Each structure stands twice: as C-alpha cells, then as structure tokens.
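Commentary on secondary and tertiary structure
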Amino acid sequence: MIWELRHKHKISLLLEISGLARSTYYYYARWRNEPDKYSAVKEQITDIYQENHGRYGYRRITLELRNRGCVINHKAVQR
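First things first, this report covers the structure right here in the doc.

About the criteria used
Residues numbered from 1 in each chain as written. Predicted model: local features only at pLDDT ≥ 70, side-chain atom pairs only at ≥ 80, totals over all residues. Heavy atoms only, no water. Core = buried A, V, L, I, M, F, W, Y, C linked by side-chain atoms within 4.5 Å. Buried < 20%, exposed > 50% of the residue type's maximum accessible area, 1.4 Å probe, protein only. Helix = DSSP H or I, 4+ residues; strand = E, 2+ residues; numbered from the N terminus. Contact = heavy atoms within 4.5 Å. 1 Å grid on protein atoms, 1.4 Å probe; cavity = no way out; pocket = protein on both sides within 12 Å on 5 of 7 lines; lining within 4 Å. Points joined across faces, edges and corners; volume = space filled by probe spheres on them. Nonpolar A, V, L, I, M, F, W, Y, C, P; charged D, E, K, R; others polar. Axes fitted to C-alpha atoms, helices over the stretch in contact; angles between N-to-C directions. Parallel < 35°, antiparallel > 145°, perpendicular 65-115°, else oblique. Left-handed = near helix turned anticlockwise from the far one by under 90°.

**Examining the nonpolar core**
Counting residues in hydrophobic clusters, the biggest one holds nine residues: Val41, Ile45, Ile48, Ile61, Leu65, Cys70, Ile72, Ala76 and Val77. Mapped onto this core, the elements with two or more residues apiece are helix H4 (39-51), helix H5 (58-67) and helix H6 (74-78). Of all the elements, H4 adds the most residues to this core, at three residues. Non-local contacts of Ile48, meaning those with residues more than four positions away in its chain, are made with Tyr56, Ile61, Glu64, Leu65 and Arg68. In this structure, Leu14, Leu15, Tyr25 and Ala29 belong to the second largest nonpolar core, which totals five residues.

**Observations regarding the layout of surface pockets**
For the largest pocket, the calculated volume is near 360 Å³. Together, 16 residues line the largest pocket, and Asp36, Lys37, Tyr38, Lys42 and Arg79 are the ones closest to its centre. Secondary-structure elements contributing two or more residues to the lining of the largest pocket are helix H3 (22-31), H4 and H6. At four residues, the largest contribution of residues to the lining of the largest pocket is made by H4. Per-class residue counts for the lining of the largest pocket are 10 nonpolar, one polar and five charged.

**Brief notes about the packing of H4 against H5**
With their axes 10 Å apart at the nearest point, H4 and H5 run at an angle of 115 degrees to one another. One element, H4, and the other, H5, form an angle in the roughly perpendicular class. Remark: the crossing between H4 and H5 carries right-handed chirality. Across the interface between the two elements, Val41, Gln44, Ile45, Ile48 and Tyr49 of H4 pack against Ile61, Glu64 and Leu65 of H5. Residues belonging to the contact of H4 with H5 are distributed by class as follows: six nonpolar, one polar and one charged.

**A few points about unusual backbone geometry**
The bulk of non-glycine residues show a negative phi, and the bulk of peptide bonds are trans. With a phi close to 55 degrees, His53 is a non-glycine residue in the positive phi region. Topologically, His53 is positioned in the loop between H4 and H5.

Everything listed here is a matter of geometry and, on its own, says nothing about what the molecule does.
In structure tokens form, the structure reads like this:
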C-alpha cells in the first residue's frame with residue numbers, strides 16, 4: 001500500500017502511520033522488481049502436492065524433487 005501512495009504523500013509519513021521500519025520498506029522496494037528465482041520450482045512443488053492429494057509435506061516433496069533431478073534445499077521447499 002505504501003508503494004502505491006508514495007507519489008501522493010511523503011514516505012516518512014506513510015511509514016510512521018503504518019508502523020513499518022524505513023529499512024524494511026527499502027529492503028522490499030529494492031527486491032520488488034527482481035524475478036523470482038524459484039518460480040519454476042514452485043510450479044513443480046504445486047504439481048507434486050496436487051498429485052498426492054495434499055498428503056505430502058516438505059520432506060517428501062524435497063525427496064520427490066530430487067528424484068526428478070532438481071536439487072533444492074528442504075528449507076526452500078518449506079518456504
């Protein structure tokens with residue numbers, strides 16, 4: 001919401017009202033236009049989850065991804 005209102009109001013005022021730290025705003029503003037490096041993997045994770053009717057957790061999904069040739073950390077799958 002701050003991103004849309006930043007042209008009409010001062011950022012410092014918007015941050016004060018929202019209670020968001022200035023550093024947090026600029027951190028997310030910096031990464032806003034970056035492409036998601038896990039976009040292809042997210043599709044595979046969703047496919048595996050749907051194929052197994054929602055019964056697979058992050059551990060099983062990680063193992064299935066490794067069986068399919070995609071090496072990824074379990075923490076990335078968990079996120």
